[in-house]
Amino acid sequence: MMASSKQLGVRFIVSGRVQGVAFRAFTRRAARELKICGWARNRPDGTVEIRAWGSEEQLTQLREKVQRGPIVARVDRLEEEALETAAPGETFEIVFS
């Protein structure tokens with residue numbers, strides 16, 4: 001991550017056909033390519049939650065990728081909110097909970 005960029009946090013809730021279609025793996029790959037840290041997990045309601053930290057530009061690029069998703073997914077809705085917490089680590093992982 002560039003030292004000159006302020007690190008921001010964002011929480012995405014992704015609705016649609018986003019479980020069972022490698023959405024979390026797609027997100028992890030995209031986040032790691034963008035050098036974003038955070039995590040993604042399936043939620044019991046069928047949505048995927050993503051928490052990500054990076055520069056404004058990095059998070060904008062991640063948002064664009066998540067809105068498209070992997071080819072077999074269908075994103076119907078993308079909710080977004082800012083996070084006030086610090087990044088939980090240095091990498092982007094899939095959380096199983």
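Positions within a chain are numbered from 1, following the residues in the order the chain's sequence is written. Reporting in this predicted model follows two pLDDT cut-offs: at least 70 for local features of residues, and 80 or more for side-chain atom pairs to be given and counted; totals over whole chains, interfaces and linings ignore these cut-offs and use all residues. Each side-chain value is derived from all of the structure's non-hydrogen atoms; neither hydrogens nor water enter the calculation.

J.: Got a minute to help me understand the environment of valine 14 in this structure?
T.: Mapped onto the fold, valine 14 is located in strand β1 (residues 8-17). On a C-alpha basis, the gap between valine 14 and alanine 30 in space is 15 Å, while along the polypeptide they are 16 residues apart. Setting aside residues no more than four positions away along its own chain, valine 14 makes contact with Phe23, Thr47, Val48, Ile50, Val66, Val75, Arg77 and Leu78. Helical segments are the DSSP runs of H or I of at least four residues, strand segments are the runs of E of at least two, and each set is numbered from the N terminus. Contact criterion: two residues are considered in contact whenever any of their non-hydrogen atoms come within 4.5 Å of each other.

J.: Explain helix α2 (residues 56-68) here, please?
T.: Every α-helix carries 3.6 residues per turn, so stepping three or four residues along brings you back to the same face. Here α2 spans 19 Å end to end across 13 residues, near enough to the 18 Å set by a 1.5 Å rise per residue. Every buried residue belonging to α2 is among Gln58, Leu59, Leu62 and Val66, and all of these are buried. Down the axis of α2, the smallest arc covering the buried residues is 90°, so these residues share one side. Set apart from the buried face of α2 by more than 90 degrees, the exposed residues are Glu56, Glu57 and Arg68. The inward-facing, buried residues of α2 contact β1, α1 (23-33), β3 (48-54) and β4 (74-83). Positive phi shows up at glycine 69, right after α2, with a value of about 70°. What a helix should span is 1.5 Å times the count of its residues minus one. Relative accessibility decides the category of a residue: with a 1.4 Å probe and only protein chains considered, values under 20% of the type maximum give buried, values over 50% give exposed, and everything between is partly exposed. The directions considered for the arc are those from the helix axis to the C-beta atoms.

J.: Please explain the pattern of salt bridges as it appears in this structure.
T.: Proximity of charged atoms lets side chains of opposite charge pair with each other. What makes a salt bridge here is a side-chain nitrogen of Lys or Arg within 4 Å of a carboxyl oxygen of Asp or Glu, nothing more. Enumeration according to the criterion identifies nine salt bridges in this entry. Taking the shortest distance from any N to any O, the salt bridge between aspartate 76 and arginine 74 comes out at 2.8 Å. Relative accessible area serves as the criterion here: at 44%, arginine 74 is assigned to the partly exposed category. Its salt-bridge partner being arginine 77, residue glutamate 79 comes within 3.8 Å of it at the nearest N-O pair. For glutamate 79, a relative accessible area of 34% gives the class partly exposed.

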